[in-house]
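The lines below spell out each chain.
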Amino acid sequence: MTSPPSSVLFDKGVIRRVYERRVRLALGESPTLLQVEAANAYARLSAITTSLYITEQTANILLRRTPSFAAPLLIDLQPLRKGRYLRRWARRLRDFAFSPEDAIVLAYGSFGVNLTVPGVGTEAVVTADLKMAARYQTNFGAIELRFKIMINDLGSGYSNLSLPQMLTTSDVLTKF
């Protein structure tokens, strides 16, 4: 069993499914299996990790949703801000065939900044996108090499940055 990450970034798809599950339950409807899986993974990580994050874009989406369903999520999750080299890293990730949106999420995992706590990036990114997770795992060696080259060029202030671990919602439920 792997130790749980101390900081987690949830991608938009996971949070959307958690939100949708809450809405369905309130309407007396049964949630889908994917919504249940996302909600269970979210609950599991919320119980063992205090540093839970979303991107600014996901926070903005939640702010436009029904407050009674979105407010609890916005209380638990802190939005990460774009760090100095986030966009540069996202452009480099596009070379590995990640979509622009997936590249941004992964870049937040390494260069996202929490304005209330010192530090950059997160230990893990949790996604429901199996293709993104598989692409990350398949190309991890090349991605890591490219990342190390980039942070070495940035100077000593960035030498302690690392790539996040990629977890799917089912990984969370089976590993932690």
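None of these values were measured; they are calculated from a predicted model.

### Quick notes on the overall build of the chain
Along its length, the chain carries 9 helices and 6 strands. Radius of gyration (C-alpha) of the chain: 16 Å, near the 16 Å computed for a compact globule of 176 residues. Principal axes of the C-alpha set define a box for the chain whose edges measure 55 × 30 × 30 Å. Counting every position in the chain, which comprises 176 residues, the buried fraction comes to 41%. Relative to all contacts within the chain whose residues are 6 or more apart in sequence, the contacts with residues 24 or more apart total 75%. Surface accessibility of the chain: about 9,100 Å² in total, with carbon and sulfur atoms responsible for 52%. In the chain, which carries 22 positive and 14 negative side-chain charges, the distance between the mean positions of the two groups comes to 4 Å.

### Overview of the sheet that holds strand β1 (residues 7-10)
Strands belonging to one sheet form pairs held by backbone hydrogen bonds; the direction of such a pair is parallel or antiparallel. If you walk across this open sheet you meet the 6 strands as β4-β3-β2-β1-β5-β6, and the pairing is mixed. The open sheet has two free edges, formed respectively by β4 (112-113) and β6 (165-168), since each of these has just one partner strand. Across 3 bridges, β1 lies against strand β5 (residues 124-127) in parallel orientation. For Phe-10, the partnering residue across the bridge sits in β5 and is Val-126. Taken strand by strand, helix α2 (residues 33-48) contacts β1, β2 (51-55) and β5, and its axis lies near 155 degrees from that of β1. Each of β5 and β6 touches helix α7 (residues 130-138); the most contacted strand, β6, lies at about 150 degrees to it.

### Overview of the nonpolar core
Note on soluble globular proteins: their nonpolar side chains tend to be buried together. Formed by 28 residues in total, the largest nonpolar core has its most connected members in Trp-89, Leu-93, Phe-98, Phe-111 and Ile-143. Elements represented by at least two residues in this core include exactly α5 (86-94), α6 (100-111), α7 and α8 (140-154). Ranked by residue count, the leading element in this core is α6, at 6 residues. Trp-89 has contacts with Ala-107, Ser-110, Phe-111, Ile-143, Arg-146, Phe-147, Met-150 and Leu-163, leaving out every residue within four places of it along the chain. Of all hydrophobic cores here, the second largest spans 23 residues; its members include Val-8, Tyr-19, Tyr-42 and Ile-54.

### Observations concerning the pairing of β5
The alternating pattern of β5 places Ala-124 and Val-126 on one face and Val-125 and Thr-127 on the opposite face, and all of these are buried. Examined bridge by bridge, β5 and β6 share 4 bridges and lie parallel to one another. Pairing of Ala-124 across the sheet is with Gln-165, part of β6.

### Here we look at the packing of aromatic side chains
As enumerated under the stated definition, the model contains 6 aromatic pairs in all. A ring pair is formed by Trp-89 and Phe-147, whose centres lie 5.1 Å apart and whose planes are at 65 degrees; its orientation type is edge-to-face. Linking Trp-89 in helix α5 with Phe-147 in helix α8, this pair joins segments that are 58 residues apart in sequence. Considered together, Trp-89 and Phe-147 belong to a single accessibility category, that of buried residues. Here Tyr-136 and Phe-140 contribute two aromatic rings whose centre-to-centre distance is 5.6 Å and whose plane-to-plane angle is 65 degrees, an arrangement assigned as edge-to-face. Owing to a relative accessible area of 2%, Tyr-136 belongs among the buried residues under this scheme. Taken together, Trp-89, Phe-111 and Phe-147 form an aromatic cluster joined through their ring pairs. Above the plane of the ring of Phe-98 lies Arg-135, whose end atom (NZ or CZ) is 6.0 Å from the centre.

### So, the environment of Leu-167
Along the polypeptide, Leu-167 turns up in strand β6. For Leu-167, a relative accessible area of 0% translates into the label buried. Along the backbone, Leu-167 and Val-126 are 41 residues apart, and their C-alpha atoms lie at a distance of 4.8 Å.

What counts, and at which threshold
- Residues numbered from 1 in each chain as written.
- Predicted model: local features only at pLDDT ≥ 70, side-chain atom pairs only at ≥ 80, totals over all residues.
- Heavy atoms only, no water.
- Helix = DSSP H or I, 4+ residues; strand = E, 2+ residues; numbered from the N terminus.
- Rg over C-alpha atoms; globule rule 2.2 N^0.38 Å.
- Buried < 20%, exposed > 50% of the residue type's maximum accessible area, 1.4 Å probe, protein only.
- Contact = heavy atoms within 4.5 Å.
- Areas by Shrake-Rupley, 256 points an atom, 1.4 Å probe, with all protein chains shown as cover.
- Lys, Arg positive; Asp, Glu negative; His and termini not counted.
- Charge placed at Lys NZ, Arg CZ, Asp CG, Glu CD.
- Pairing = 2+ DSSP bridges.
- Axes fitted to C-alpha atoms, helices over the stretch in contact; angles between N-to-C directions.
- Core = buried A, V, L, I, M, F, W, Y, C linked by side-chain atoms within 4.5 Å.
- Phe/Tyr/Trp six-rings, centres within 6.5 Å; stacked < 30°, edge-to-face > 60°.
- Lys NZ or Arg CZ within 6 Å of the ring centre and 35° of its normal.

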